[in-house]
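Here are the chains, one letter per residue:
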Amino acid sequence: MNSSNMPILVMVAVVFLAGCASTQVVSSTGQTAEDVFSRFRSLEGAWTSTPDSADMPPSTVTYHTIANGSAVVETAFAGTPYEMITVIFMDSDRLLMTHYCAARNQPHLIARKITDDSVHFFTDHVTNHADPNNLYMGEAQWVFTDENHLKSRWWSFQNSEMGEPLTFNMTRVD
């Protein structure tokens, strides 16, 4: 390699790595991760979920707080072969989730973008996912409209490409 190109390569690497690092910072809203987690605990109960997609029927989604308040379990499509569980929990000052997917893998995500009314999770890693080209749910966002209305969006990834979001509009049943 020509040594005169080395400073340029180092500069490109620094700029590239700085850009990657910036996606790992949680947006500051003055809320602690515990404050945000308490919003998920407040979802306890049943919700009617109406997808934006006409291909999917309305369903019931439940939220249940477990383990002395340390985790919130979301259950979707209960009692079907496509039942899925998402567990949202704290790890010190980070808000994390694991999605137990009908695709038979387990994406582990970290909340990296938090606003006053939304939490957006991004993939940290995916277990039981030997082929990186196979489908997995790689991003998820909850938008808190009010105490009785919620929207969640899920983005799938396949062959290293992000799919269109699946949006679920939820209304509290009880």
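Scroll up for the structure.
Since the structure is predicted, the reported quantities are computational estimates derived from the model, not experimental observations.

Caption draft 1: Fine view of the overall build of the protein. Helices and strands together make up the secondary structure of the protein, namely 2 helices and 11 strands. Counting the 174 residues in the protein, one finds 35% classified as buried. In the protein, 37% of the contacts between residues at least 6 apart in sequence involve partners at least 24 apart.

Caption draft 2: Representation of the packing of aromatic side chains within the structure. In total, this model carries 7 aromatic pairs according to the counting rule given. Plain terms: the ring middles of Phe40 and Phe144 are 5.4 Å apart, the flat faces sit at 80° to each other, and that makes the pair edge-to-face. Taken together, the residues Phe40 in helix H2 (residues 33-41) and Phe144 in strand E8 (residues 136-146) connect sequence positions 104 residues apart. In this pair, the class of Phe40 matches that of Phe144, namely buried. On the numbers, 6.4 Å between centres and 85° between planes, the contact of Trp47 with Tyr63 is edge-to-face. With Trp47 in strand E1 (residues 45-51) and Tyr63 in strand E2 (residues 59-66), this pair connects stretches of sequence that are 16 residues apart. Tyr63 gets classed as buried once you look at its relative accessible area, which sits at 2%. Three or more aromatic residues joined by ring pairs make a cluster, and in this case those are Phe40, Phe121, Trp142, Phe144 and Trp154.

Caption draft 3: Quick look at the nonpolar core. Counting 27 residues, the largest nonpolar core has Phe40, Tyr63, Leu95, Val119, Phe121 and Trp142 as the members making the most contacts within it. The dominant element in this core, judged by the number of residues it contributes, is E8, at 4 residues. Residues within four places of Phe121 in sequence aside, it is in contact with Phe40, Ile88, Leu95, Leu96, Met97, Leu109, Ile110, Ala111, Gly138, Glu139, Ala140 and Trp142.

Caption draft 4: How the structure looks around unusual backbone geometry. At Phe77, a position not held by glycine, the phi torsion is positive, near 55°. Locating Phe77 in the fold gives a position in the loop between strand E3 (71-76) and strand E4 (84-91). Judged by relative accessible area, Phe77 falls into the partly exposed class, the value being 23%. With a phi close to 65°, Ser160 is a non-glycine residue in the positive phi region. Among the secondary structure elements, Ser160 is positioned in the loop between strand E9 (149-158) and strand E10 (161-162). Assessed through its relative accessible area of 67%, Ser160 is described here as exposed.

Rules used in this analysis
Residues numbered from 1 in each chain as written. Predicted model: local features only at pLDDT ≥ 70, side-chain atom pairs only at ≥ 80, totals over all residues. Heavy atoms only, no water. Helix = DSSP H or I, 4+ residues; strand = E, 2+ residues; numbered from the N terminus. Buried < 20%, exposed > 50% of the residue type's maximum accessible area, 1.4 Å probe, protein only. Contact = heavy atoms within 4.5 Å. Phe/Tyr/Trp six-rings, centres within 6.5 Å; stacked < 30°, edge-to-face > 60°. Core = buried A, V, L, I, M, F, W, Y, C linked by side-chain atoms within 4.5 Å.

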